[in-house]
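# Understanding the architecture of this molecule
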Amino acid sequence: MALPAPGAPARSSLPATWLARLTLWAGPYAGVLQMVVVGLAILSLSRLGLVAWQWERVQATGIAPTVFLQGVRADLILLGYFAAVPLLFAPLFAHRFAAGFWRTATLAWATLALVFIVFMELSSPQFILQYDVRPNRLFVEYLGYPREVFATLWNGFRIALILGVVFTIVLGLGIFALLRRASSGMDMWPARRLLLLWPLFCLLVFMGVRSTTGHRPANPALFALTGDSLVNSLIINSGWSVLDAIGAMRKETTSSDIYGALPREKILEQVRAAPWLRDAHFANPELPTLHHQAAAIARERPLNLVIVLQESLGATFVESLGGLPVTPELEKLKNEGWWFEQLYATGTRSVRGIEAVMAGYAPTPARSVVKLSLAQQNFYTLADGLGRAGYHTEFVYGGEAHFDNMRSFFTGNGVRKVVDIGEMRPNFVGSWGASDEDLFDKSLERLRTLHASGKPFFSLIFTSSNHEPFEFPDGKIALHEQPKQTVNNAVKYADYALGKFIRAAKQQDYWKDTVFLIVADHDNRVYGDALVPVKKFHIPGLILGADIEPKRIRTIASQIDLAPTLLSLLGVSSTHPMIGRDFVRDSETPGRALIQFDNLFAYLEGSAATILRPGQPALLGRYDAAGGTLDPYAGKPTPAQVERAMAHVMLPSLLYREQRYRLPP
């Protein structure tokens, strides 16, 4: 075997030699430039792999070359952020007297930055499988619950987790070795040359980060070039997507401003113009949506209320709604009560479903109010309103109630008792807590106790068996498919447990005095090649119990409509700030749905979907409910349509920011 010629680099150092030759002309700035070059290579290779994986989706958009060209532009934005930090300190430390420190500092910073990039790119495939987009704000939110998240990853994605950690470590060490060898020949310039060229490098980085000569700097929405959200997210990179989400989370009180401006008077005028609010009297200027709702049904004694919030139960799993035949119990029950045929979730997270169902609160681009500081007390919920009407209120959950900040939000806003896994003796415990059967057994025990007290009661029961990694007891159901731990099997088990619970409740004395709502928080996965996958927001909703007669509600409905409807069925007249409709009083008027998907907001009325985008003109989509397809470029929305959509997404932000979504003292 031939040996390398004297002075020739060893084969293992060829990449470092090539990188050095490419960058050492930059003198003390070579380390920063090397980080940019290596970062571009990593991100481009990752994008190439992701595009190859999702080639059918990318090819269908017809912009494959653009994905890579615009991708480099997006990558320079992220790398510009990382380059700016050492560049700012260069005039102080990039001198000959501090050469050793400067080389070490730039090497350490570049390695950390590139390891972060590698980690985010390696995390992307699994996140895409779950959410059909690159990591975004959901990635950040889940980091606040490491125990639950790690348990889910370990039990459901163990191989992917181990491989991700191993590859991150191995690639991190490789990056460090590469940069160390490439930067070993870095020269320090004289101070005059360093300072004269420093503004030029700063200007280049500034231009890379801003990435446009327009009025506003580039943001991820600028790269939304197609009607497929996944393809749009492939154009950018996961690191920037997450960092941008963190920045947006810091501005959450004004989050809806990303869609433009609308005068306060117009916001209130548009929202109050809804047919179900047109005759309402808004007498309190301090609480602009507060109004009195007279119950459409008069009762001698108000009924009890039980809400079963089903984890991830989309219409995808309900055969009569166009889904799979894995909810036979729900299919039987739908003929016994009010069945919503076009009910839509407001978002993709459990807390978004909670704020809609429990508080009648519309969605925003920000995190759910369940997790926001200004909503931890003195914020309207059904529990608050019913508690003031003499109800005992409680929340029952099979996991740990602190997850997603639920305990804090509930106890601060009217829930008098929280029952979680700590008060249960479950027969089966998975990553997310007690099985649904154990949860419902505890709920039946609690309902008997509440009934015996003689007071009206409200209980929110939140299930969790239909959650990755889809763990549930053996021998309970005939599996829909193999292997056991799949979403379809988990849904079928959750449905089995629900049917068992309702059958047991029917045998109790309180059944004739209690209204039950069964509704999903959201679908299990939101995916598809639509800009806004409306079909994946379609969820089942059923109201039964007491004297509820069978009925089909065919008009479009939103989760925020459920609470006002329930109050009317209970026979509770109340004053509240909710803007949803009472379907007891009117179930024929055409409805609307409010849908928040990442940083896009869709206002759905009939087949028309007005889609708001950050920093870009609104779109008018056409939604085919039968086929579940959305054409986002069907036309141009009228000013009235845009104004109506903007009013409904800006109002909740305004009410939260000014703390006006509450009852008077």
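Refer to the structure above for everything that follows.
Residues numbered from 1 in each chain as written. Predicted model: local features only at pLDDT ≥ 70, side-chain atom pairs only at ≥ 80, totals over all residues. Heavy atoms only, no water.

### Focus on a nonpolar patch on the surface
Filter applied, for reference: A patch is a set of surface residues, each over 30% in relative accessible area and not in a salt bridge, joined within 9 Å for like charges and within 5 Å for the nonpolar side chains Val, Leu, Ile, Met, Phe, Trp and Tyr. Accessible surface is estimated by sampling points in the Shrake-Rupley manner with a 1.4 Å probe; for residues, cover comes only from the protein chains shown. Take a side-chain nitrogen of Lys or Arg and a carboxyl oxygen of Asp or Glu: if they are within 4 Å of each other, that pair is a salt bridge. Under the scheme used here, helices are H or I runs from DSSP no shorter than 4 residues and strands are E runs no shorter than 2 residues, and both carry numbers assigned from the N terminus.
Among the surface-exposed residues, Val-85, Leu-88, Phe-89, Leu-92, Phe-93 and Phe-101 lie close enough to one another that they form a single nonpolar patch of about 570 Å² accessible area. Turning to its location among the elements, Phe-93 is positioned in helix H4 (residues 64–93).

### Looking at the packing of helix H5 (residues 99–131) against helix H8 (residues 158–183)
The test is simple: Think of each axis as a best-fit line through the C-alpha atoms, taken over the contacting stretch in the case of a helix, with angles from 0 to 180 degrees between the N-to-C directions. Put simply, angles under 35 degrees are roughly parallel, angles over 145 are roughly antiparallel, angles from 65 to 115 are roughly perpendicular, and the rest are oblique. Handedness of a crossing follows from how the near helix is turned relative to the far one, being left-handed for an anticlockwise turn of less than a right angle and right-handed for a clockwise one. Contact definition: two residues touch when any of their heavy atoms are within 4.5 Å. Amino acids are sorted into nonpolar (Ala, Val, Leu, Ile, Met, Phe, Trp, Tyr, Cys and Pro), charged (Asp, Glu, Lys and Arg) and polar (every other residue, Gly among them).
Relative orientation of the contacting elements H5 and H8 amounts to 150°, with a least axis distance of 9 Å. On the basis of their axis angle, the class for H5 and H8 is roughly antiparallel. Once H5 is placed against H8, the crossing between them reads as right-handed. Together, Arg-103, Leu-107, Ala-110, Thr-111, Leu-114, Val-115, Val-118, Phe-119, Leu-122 and Gln-126 of H5 and Ala-160, Gly-164, Phe-167, Thr-168, Leu-171, Gly-172, Ile-175, Phe-176, Leu-179, Arg-180 and Ser-183 of H8 make up the contact between the two elements. Classifying every residue of the contact of H5 with H8 gives 13 nonpolar, six polar and two charged.

### What to know about the packing of H5 against helix H11 (residues 238–249)
Where H5 meets H11, the closest approach of the two axes is 8 Å, and the angle between their N-to-C directions is 95°. As judged from the angle between their axes, H5 and H11 are roughly perpendicular. Seen from H5, the contacting residues are Phe-116, Met-120, Glu-121 and Ser-124; seen from H11, they are Ser-238, Gly-239, Val-242 and Leu-243. Tallied by class, residues from the contact of H5 with H11 come to four nonpolar, three polar and one charged.

### Description of the pairing of strand E15 (residues 600–605)
Our working definition: For the exposure calls, accessible area comes from a 1.4 Å probe over protein chains only, and a residue counts as buried if that area is under 20% of its type's maximum, exposed if over 50%, partly exposed in between. Two strands are counted as paired when DSSP detects at least two bridges linking them.
Here E15 lies mainly inside the structure; five of its six residues are buried. Hairpin connection of strand E14 (residues 593–597) to E15: two residues between the antiparallel strands, including Asp-598 at a positive phi of 55°. Pairing between E15 and strand E16 (residues 608–613): five bridges, direction antiparallel. Pairing of Leu-604 across the sheet is with Ala-609, part of E16. Linking two consecutive strands that pair antiparallel, namely E15 and E16, is a turn of two residues; a positive phi of about 65° is found at Gly-606 within it.

### Description of H5
Because an α-helix packs 3.6 residues into every turn, residues spaced three or four apart end up facing the same way. Selection rule: The length a helix should cover is 1.5 Å for every residue beyond the first. Note on bend: the value at a residue is the angle between axes fitted to the seven residues ending there and to the seven starting there.
Its 33 residues place the ends of H5 46 Å apart at the C-alpha level, agreeing with the 48 Å of an ideal helix rising 1.5 Å per residue. Its axis deflected by about 35° at Ser-124, H5 carries its strongest bend there, up to four residues before the proline Pro-125. A positive phi of about 65° marks Asp-132, the residue just after H5.

### Comments concerning the side chain of Ser-568
In this structure, Ser-568 sits in helix H19 (residues 562–570). Using a relative accessible area of 0% as the deciding quantity, one classes Ser-568 as buried.

### What to know about the side chain of Thr-289
Operational definition: As used in this structure description, the phrase polar contact means that two N or O atoms lie within 3.5 Å; if the pair is within protein, one of them must be able to donate a hydrogen and the other to accept it, and residues adjacent in sequence are counted only when both atoms belong to side chains.
Topologically, Thr-289 is positioned in the loop between helix H12 (264–272) and strand E1 (291–293). Of the residues examined, Thr-289 reaches a relative accessible area of 4% and is grouped as buried. A polar side-chain atom of Thr-289 sits 2.9 Å from the main-chain carbonyl oxygen of Pro-577. Beyond its immediate chain neighbours, meaning those up to four positions away, Thr-289 contacts Phe-282, His-576, Pro-577, Ile-579, Leu-651 and Leu-655.

### What to know about the pattern of salt bridges
Using the criterion set out here, one finds 32 salt bridges in the structure. Glu-269 is paired through a salt bridge with Lys-266; the nearest N and O atoms lie 3.9 Å apart. Taken as a pair, Glu-269 and Lys-266 lie in helix H12 at a separation of three residues, close to a single helical turn. On the basis of relative accessible area, Glu-269 is assigned to the partly exposed category, the value being 47%. Between Arg-592 and Asp-561 there is a salt bridge whose closest N-O contact spans 3.1 Å.

### Let's talk about the nonpolar core
Threshold: Side-chain atoms within 4.5 Å link the members of a nonpolar core, which is a set of buried Ala, Val, Leu, Ile, Met, Phe, Trp, Tyr and Cys residues.
Counting residues in each nonpolar core, the largest one holds 155 residues, and the members touching the most others are Phe-395 and Phe-458. Look past the residues within four positions of Phe-458 in its chain and what remains in contact with it is Leu-305, Ile-307, Met-358, Leu-382, Ala-383, Leu-386, Tyr-391, His-392, Thr-393 and Glu-394. One finds Val-38, Leu-78, Ala-113 and Trp-189 within the second-largest nonpolar core, a separate group that totals 56 residues.

### A few points about the environment of Gln-507
Tracing the backbone through its elements, the reader meets Gln-507 in the loop between helix H18 (487–506) and strand E9 (514–520). Given the relative accessible area of 65%, Gln-507 is considered exposed. Linking Gln-507 and Ala-110, residues 397 residues apart in sequence, is a C-alpha distance of 66 Å.

### Structural notes on the packing of aromatic side chains
The geometry of an aromatic ring pair comes down to the distance between the two centres and the angle between the two planes. This is how it is decided: Only rings of Phe, Tyr and Trp enter the pairing, Trp through its six-membered ring, and a pair is recorded when the two centres are within 6.5 Å. The plane angle decides the type: under 30 degrees is stacked, over 60 is edge-to-face, the rest tilted. Consider the ring centre and the ring normal. A charge sits over the ring if Lys NZ or Arg CZ is within 6 Å of that centre and within 35 degrees of that normal.
Under the definition given, this model contains 27 aromatic pairs. Seen in terms of ring centroids, Phe-440 and Phe-501 are 4.5 Å apart; in terms of plane orientation they differ by 15°. Their pairing is stacked. A residue pair is termed long-range when its members are at least 10 positions apart, and Phe-440 in helix H17 (residues 436–452) and Phe-501 in helix H18 qualify at 61 residues. No difference in accessibility class separates Phe-440 from Phe-501, as the two residues are buried. What links up through ring pairs into an aromatic cluster is the set Tyr-361, Phe-379, Tyr-380, Phe-395, Tyr-397, Phe-409, Phe-410, Phe-462 and Tyr-661. Taking the ring centre of Phe-282 as reference, the NZ or CZ of Arg-272 above it sits at 4.5 Å.

### Regarding the pairing of strand E17 (residues 616–624)
For a regular strand, side-chain orientation follows a simple rule: the groups alternate between the two sheet faces. Relative to E17, E16 runs antiparallel, the two sharing five bridges. Across the sheet, Thr-610 pairs through a bridge with Leu-620, a residue of E17. Examined bridge by bridge, E17 and strand E18 (residues 629–635) share four bridges and lie antiparallel to one another. By the bridge assignment, Arg-622 is partnered in E18 with Asp-631.

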